[in-house]
Amino acid sequence: MNVPVASGAAVYFDGVTSARHDVLVVLKPAGLQISSHDGRPLGEWPYGELEELSAPDNLLRLGRLNSTVLERLEISDTDFAAEIDARADLVDRTGTLQRRQRLNVIAWSIGATASLLLVAWFGVPAIAERLTPLLPVAVERRLGNAVDMQIRAMLDPRHSGASFDCGKTETEVPGRAALEKIVRRLEAAAALPLALRTEVVRRDEANAIALPGGQVYVFRGLIDKASNADEVAGVIAHEIGHIAHRDGTKAMLQGAGLSFLFGMLLGDFVGGGAVVIAAKTVLQSSYTREAETSADAYGAGLMNKAGGDARALAVMLDKIGGATEPGMKILMDHPETKARVAAINKLAAAHAPSAFLDPAEWSALKKICGS
Amino acid sequence: MSLDGGGIATGGGVRFLGQRRAYWRLLIRGAALLMLTLGIYRFWLATDVRRFLWSNTEIAGEPLEYTGTALELLLGFLIAIAILIPVYAGIFLAALDLGTIGKLSGVAGFAALAFLGQYAIYRARRYRLTRTIFRGLRFHQQGSAWVFAFRAVAWWAVTALTFGLAYPFQVTSLERYKMRHTYYGDLAGRFDASALRLLLRGFLMWILVIGPLAFAVVVFVSTIDWVALVDVLAQGGDDMMSKIEGSNPNLGGAIVVGMLMSGISVTMAALLYPAFQTVVLRWWSSGLRFGAIEVQSRLRMRNVYGAYARFVGYAILFSMAMGIIAAIALGVIGAAASIGKMGTAGEIAATLAALIGYVIAALGYSTIYRATVLLSLWQLGMESLQLSGLSALEQVTATGQPSSAIGEGLADALNVGSY
């Protein structure tokens, strides 16, 4: 038979001094009555005000709810603790209350994560898209100069400086003039709000890049691989597309947005860094895939407008892209070459194209970086 | 009323009652939820860990109490974000500037963040102390976090410049500042350890770690013909390496010596680290004072090595388990790829699997480390304490107010947090 425990021993701290009091606790109908062993009353705690506090498993530690004084009552007798538990709503030794709270937290955290990913996927590119046109050209040019310093340092590991650019020496100047002719024709058709600066640089890859603020670098490898001037012009038209769309600036804004979303709000647990980097890589390559597709369309349109052959861009892409096809699609920053070529060819105008350079000028351009 | 708690008679007055099994359970569940919530659960896990450690630590028969909550930590983190966003934005904008400001922005940003990190450490300590209740009274901390941050950054610079030799003086100075401003109720703390003593205890270890490196530097300086080397570097050109070898025939030997010595130095550092931790922890604990209460630590080195050995054992078991799982996963992916059924969905699945595997591995090692080394250090550190003058506990009066968790939030956002 279980005899109800009506009173028990406890340790009491009054929250004012550190002195330890051995006390007697009596279970009254409305609350706990605390008194010292010689019968001196030390207080009455209503059951509704009892708060269970963090303590070792074998101890029930009670405080008073919303009290600024840190009064503490500690009961180590399990049966007596169970009696109090049964009377006080907020004392819950089974932990059901706490578990329910935790489940709430977990559910909302997962919700927050999902919402974060949605914002990263749809929100960040949309915001960058709307924000970029608001940026004045002067700011973009400044940005471009900062990027230019870093890019040049990366492309030109020997720091050879001026001689890294082609078209400077006497034998190279005719090539430079030929390049200018292509760029001027495209620029006239494009009517950009800023001036283009185009350089051919001594890099062996068949590639070209556009920086914010109107700087275009064409790599020597591209000119070596091209079989006529229109192919070079096509790639430059594609790069002008990036500049017209201000993709460099957009990418920087997107990168900053993603870094902020993932780096600040999440992360900071062991292994979290990898999640952040992986998420950023996948998302950024999806952004750039879109940018490439629309730069292709712009490039094709510009070639049409300038009276050139838009198909030349497709031919050049096919040449460059063939070698770099394998790899994971979700990590690739360019769309599949086949799809790009087909899309460009569809856009090509039916008019008879006029060549960008005559054969003499083309052979000069071929020698823009020396023989 | 007298001190009649049985705890004082047993041992030195400090006992740890926590069950390892319960701590493992807490950490493993926490790690799983960290992964599921991409880290947001960390505030709840940190609070659970502190509750466990505090409430299972019994001083003079009375367990400590941790009253902090996860929501306070979350709020502190949000405030920290609000403070840090303009700082990060400022650094980002300054980096775009071309002139001297742009070049200096990296250094200035690093310095600002280091400074803020130390500030956060001091404020976080204040939060933890004011959430620590013992016998119905709270601890608290005064002093200026800015002053502390300034002192800490200056001392770190000195320690770095002396290759660690100034470390004992750094710890002493910083601990003095912290403890001088720490109170239990109205009982003031202080730090009474001698830096010279720590220096003497650690000097041999310092020699064993730094010595090989110093030797390598001496070998380098004496064997290399610097004039010839500078000439070659100034000339540049494609065959620079062969020219360097021609002008400095002993360079290869010097490089071998350098790599060997660096290897010895790193090995020494790894092997001696538990010993170093023991020496510092024992020295530090023995310097703690609260009024008439004095602390003496009898921490044993072999126990600390034991904790690390347990860590290595569990880590090896865990690695083997992960290795088997990875092998199976690779087999499945390889089979799928060879049949040619790897579409975009397959790629995403494979990437996700690799990512989750990495996160599980990282969280696993960190959980093992916390459950072995960190828990043991807490338990051994506490149980090896001998307290004297405990009768002072009878007349302490309450003072101090709880402080905000902003320091914790900053420490979390800047990655300088602990427990």
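Residues numbered from 1 in each chain as written. Chains lettered and ligands numbered in written order. Predicted model: local features only at pLDDT ≥ 70, side-chain atom pairs only at ≥ 80, totals over all residues.

Draft legend 1. View of the sheet that holds strand 3 (residues 62-63) of chain B. Residue and element names in this part refer to chain B. Strand order in the open sheet formed by three strands is 1-2-3, with antiparallel pairing between adjacent strands. Strand pairing shows two members of the sheet lacking a second neighbour, strand 1 (14-16) and strand 3, which therefore form its edges. Sheet analysis places strand 2 (residues 57-59) next to strand 3, joined by two bridges and oriented antiparallel. Bridging across to strand 3, Ile 59 finds its partner in Glu 62. (Pairing = 2+ DSSP bridges. Helix = DSSP H or I, 4+ residues; strand = E, 2+ residues; numbered from the N terminus.)

Draft legend 2. Quick peek at the confidence of the model for chain B. Residues and elements named next belong to chain B. Looking at chain B, pLDDT values average 86 and 89% of them are 70 or higher. Considering each helix and strand of chain B separately, the mean pLDDT is smallest for helix 9 (residues 240-247), with a value of 68, and largest for helix 6 (residues 167-180), with 96. Counted against residues more than four places away or in other chains, residues 1-10, with its pLDDT under 50, gives 21 contacts. Interface scoring of the predicted complex returns ipTM 0.79; its pTM is 0.78. (pLDDT = per-residue confidence, 0-100. Contact = placed C-beta atoms within 7 Å.)

Draft legend 3. Spatial organisation of the sheet that holds strand 8 (residues 197-201) of chain A. All names here are of chain A. Reading across from one edge, 8-10-9 is the order of the three strands in this open sheet, with mixed pairing throughout. Both edges of this open sheet fall to strand 8 and strand 9 (208-210), since each of them pairs with a single strand only. Across the sheet, the axes of successive neighbouring strands diverge by a mean angle of 15°, strand direction being ignored. Bridging between strand 8 and strand 10 (residues 215-219) involves five bridges; their strand directions are parallel. When the bridges of strand 10 are listed, Glu 199 appears paired with Tyr 217. (Axes fitted to C-alpha atoms, helices over the stretch in contact; angles between N-to-C directions.)

Draft legend 4. A look at the nonpolar core. All names here are of chain A. Counting 113 residues, the largest nonpolar core has Ile 182, Ala 233, Ile 236 and Leu 313 as the members making the most contacts within it. The element best represented in this core is helix 8 (residues 272-305), accounting for 10 residues. Excluding residues that lie within four positions of it along the chain, Leu 313 makes contacts with Gly 234, Val 235, Ala 237, His 238, Gly 299, Ala 300, Met 303 and Ile 344. Core analysis: the next-biggest nonpolar cluster, separate from the first, contains 18 residues, Tyr 12, Ala 55, Ile 75 and Ala 88 among them. (Core = buried A, V, L, I, M, F, W, Y, C linked by C-beta atoms within 7 Å. Buried ≥ 20, exposed ≤ 12 C-beta atoms within 10 Å, placed from the backbone.)

Draft legend 5. Just the packing of helix 9 (residues 311-321) of chain A against helix 10 (residues 337-347) of chain A, in detail. Residues and elements named next belong to chain A. Between helix 9 and helix 10, the shortest axis-to-axis distance is 8 Å and the interhelical angle comes to 170°. Accordingly, the angle class assigned to the pair helix 9 and helix 10 is roughly antiparallel. In this structure, helix 9 uses Arg 311, Leu 313, Ala 314, Leu 317, Asp 318 and Gly 321 to contact helix 10, whose residues at the interface are Thr 337, Arg 340, Val 341, Ile 344 and Asn 345. Broken down by class, the residue content of the contact of helix 9 with helix 10 amounts to five nonpolar, three polar and three charged. (Parallel < 35°, antiparallel > 145°, perpendicular 65-115°, else oblique. Nonpolar A, V, L, I, M, F, W, Y, C, P; charged D, E, K, R; others polar.)

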